[in-house]
Amino acid sequence: MGASQSREGLDLSDSEYSDDGEETSEEQQYDDAVDHGDDPQDHQQQRQASSKPTTLDELDERLKALKLKYPPHHQNPNSRNAVKLYLHIGGNTPRAKWIVSDKLTHYEFLKNDDADDNKGNDHWVLKVGSKIRARVSTDMQLKMFGDQRRVDFVSNGVWALRFFTDEEYRRFLTEFQDCLFENVYGLVASDENKLKVYGKEFLGWVKPEAADDSMWEDAEAGEWKSPPAKSSVRRGNQDDLLEEFEEASTGGGIQSLALGALDNSFFVNDMGVQVVKNFSHGIHGKGVYVKFDSGGQKGSRISSSEGRSTPKKALLMRGESNMMLMSPFKEGKPRSTGLHQLDIETGKIVTEWKFEKDGTDITMRDITNDTKGSQLDPSESTFLGLDDNKLCQWDMRDKHGMVQNIASSNSPVLNWTQGHQFSRGTNFQCFATAGDGSIVIGSVDGKIRLYSKTSMRQAKTAFPGLGSPITHVDVTYDGKWVLGTTDTYLVLICTLFTDKDGKTKTGFSGRMGNKIPAPRLLKLTPVDSHMAGTDNRFQRGQFSWVTENGKQERHLVATVGKFSVIWDFQQVKNSAHECYMNQEGLKSCYCYKIVLKDESIIDSRFMHDRFAVSNSPEAPLVVATPMKVTSFSMSGSKR
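Quantities reported herein were computed from a predicted structural model and do not represent experimental measurements.

A. Up close: the side chain of Ser438. Relative to the helices and strands, Ser438 is located in the loop between strand 22 (428–433) and strand 23 (439–443). A distance of 2.8 Å separates the side chain of Ser438 from the side chain of Asp436, its partner in a polar contact. Once residues within four sequence positions are removed from consideration, Ser438 is found in contact with Ala432, Thr433, Tyr451, Ser452, Lys453 and Phe508.

B. Spatial organisation of the sheet that holds strand 12 (residues 282–291). Read from one edge to the other, the open sheet built from four strands follows the order 9-10-11-12, with strand pairing classed as antiparallel. Both outer strands of the open sheet, strand 9 (256–258) and strand 12, are each paired with one neighbouring strand and no more. Within this sheet the neighbouring strands show an average axis-to-axis angle of 25 degrees, counted without direction.

C. Geometry of the pattern of salt bridges. A full pass over the atoms with the stated rule returns 18 salt bridges. With a closest N to O distance of 3.9 Å, Asp166 and Arg149 form a salt bridge. With a gap of 17 residues between them, Asp166 in helix 4 (residues 166–185) and Arg149 in the loop between strand 5 (143–145) and strand 6 (150–154) connect regions that are remote in the sequence. By relative accessible area, Arg149 is classed as partly exposed at 29%. Across the pair Asp474 and Lys372 runs a salt bridge whose closest N-O atoms are separated by 2.8 Å.

D. A look at the side chain of Asp474. In this fold, Asp474 is placed in strand 26 (residues 472–475). Within the structure, Asp474 has its side chain in polar contact with the backbone nitrogen of Phe543 (distance 2.9 Å). When residues no more than four places from it in sequence are discounted, the contact partners of Asp474 are Lys372, Ala432, Trp481, Val482, Leu483, Gly541, Gln542 and Phe543.

E. Representation of the pairing of strand 24 (residues 448–451) within the structure. In strand 24, alternate side chains face the same way, and those of Ile448 and Leu450 on one face and Arg449 and Tyr451 on the other are all buried. Here four bridges tie strand 23 to strand 24, and the two strands are oriented antiparallel to one another. By the bridge assignment, Val440 is partnered in strand 24 with Leu450. One ladder, built from three bridges, connects strand 24 with strand 25 (residues 461–463); its direction is antiparallel. Along strand 25, the bridge assignment pairs Ile448 with Phe463.

F. How the structure looks around the sheet that holds strand 23. In spatial order, the strands read 22-23-24-25; together these four strands make up an open sheet with antiparallel pairing. Pairing within the sheet leaves two strands with one partner each, and these edge strands are strand 22 and strand 25. Taking the axes of each pair of neighbouring strands and ignoring which way they run, one obtains an average angle of 20 degrees across the sheet.

G. Structural detail: helix 5 (residues 191–198). All buried positions along helix 5 are accounted for by Asn193, Lys194 and Tyr198. Seen from one end, helix 5 has its buried residues packed into an arc of 115 degrees, which puts them on one side. Along helix 5, the residues that are exposed and aim more than 90 degrees away from the buried face are Glu192 and Lys196. Its buried side turned inward, helix 5 meets helix 4. Of the residues trailing helix 5, Gly199 is marked for its positive phi of about 80 degrees.

Analysis parameters
- Residues numbered from 1 in each chain as written.
- Predicted model: local features only at pLDDT ≥ 70, side-chain atom pairs only at ≥ 80, totals over all residues.
- Heavy atoms only, no water.
- Helix = DSSP H or I, 4+ residues; strand = E, 2+ residues; numbered from the N terminus.
- Polar contact = N/O pair within 3.5 Å; in protein donor to acceptor, adjacent residues only side chain to side chain.
- Contact = heavy atoms within 4.5 Å.
- Pairing = 2+ DSSP bridges.
- Axes fitted to C-alpha atoms, helices over the stretch in contact; angles between N-to-C directions.
- Salt bridge = Lys/Arg side-chain N within 4 Å of Asp/Glu carboxyl O.
- Buried < 20%, exposed > 50% of the residue type's maximum accessible area, 1.4 Å probe, protein only.
- Arc of directions from axis to C-beta.

Shown next, in the form of structure tokens:
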């Protein structure tokens, strides 16, 4: 568990190897190169060459003996776009190091109009010498080292470019960001187009130096302070994650976790629901199991008119005595036409609900509790549903499971009709609720919308997208922070703002003004992104779990392939954090801990904070892979 410390963040001068000016073979690159300038034979040749030749033929012979090599004119360090290219080898092993791939080469940004382009349009690519040709995108995981005039990135390997002047370094970053903007939005990166895409309220998102960071600075106060950063450490110490329990799945094929804040937690697999016991050091088996079945039998078996389909979503309700299980309409499709209600105490399916409105079947993409802690309420009978263009509330007290009607109820409207701005094109993807019932929704276009608990008609605040679809969202219990997940990074948004009367509010309760804080990005280093494998997409970024006013979440966690990645929330909020030094654009944090498993991780979540023991800064972390669930405790001795 835990990845080894790589040399990814070290100054290249600590690990660079000189070459003889020629492109070396792959086998040669793995050995320490020799500086021929220090070879005694070379010095002897130079002394011989310094003696005065007697004839032109002798001069010619001596010049040949020197084997002089002249780089092409475009590889002059003083020429435009000249760079030194490095390759990272050894991954995260002790043998990891940087090697010189090209002592002197050049880069250029080119428009690619290849017929093979799946998107069917021109796009910018970065070309470095003859070795690199990469589409400009966030998939490159570009990381800046301003103090070293260097950028690292991923393109069939991990590479570093080192620039010869500060001016060249800054110009490269400007060109890269402009090309990225055009690739994402299809518009030239002019001030006019940036205003068109982001709006005047969010120009600080493309020009962070002009954004108001005061809300982030105010948020730094707290009883759990982050430790001073050490320049030699680029990733948190893995030793403060202690493995406690490992629980094998009875039926294998775990699909989802349902963590409880009371006695039990659950994981859903291909065969049924397995019940586990909550402890202060993690979760452990109880031997209770509810099976699925496609044969239509009653009792403790799940059947459906669609045939058996493993539930992809499990939602605890009614004081954690009931569980709603939602399966996709067809395998591979994210939407569902209904769900099953499981009575946990009896182990039986008590109801099979259908999603229906005005006599017409509808589908839902996702469901969630009305509030972040409402699963603890024994009287809870409502929950929220989301589809591409629908946000609604379902009430189990209605015998037909019908959507509530605003004409006869004070509850929020549950469907959208003609004339409402979200009736089309919203492309909702995921949602979550805060402690007071405020709702955050992420969309395919990257937008994140905030709704108050009293109205679903119109978003109080809509944050623009940064170019990547939002696949998962979470929000802190107090509603002050929102975390959005994209394939290549997490985006952390501060929802606080000061209204015209000088009062501090969140974007759930009012429209945020012109001084909106710029978000912060949480990323993997290029080395770790590459090591995460082909399935290196971020999934299910979320906060640790509190359900009490006045308590603050302390960590954030997400899965990336075989990695479970953990950030210190207080450290991410700290404007003086070392990661943010010498960066241009949005601030990105690369300080995290990694839990490494031997297979892809299904989900990673922190247990409820009531299970945090006195000598630990956090409740246990639960990591689920298809065949087992492992619990980790965080030591209080290392923070």
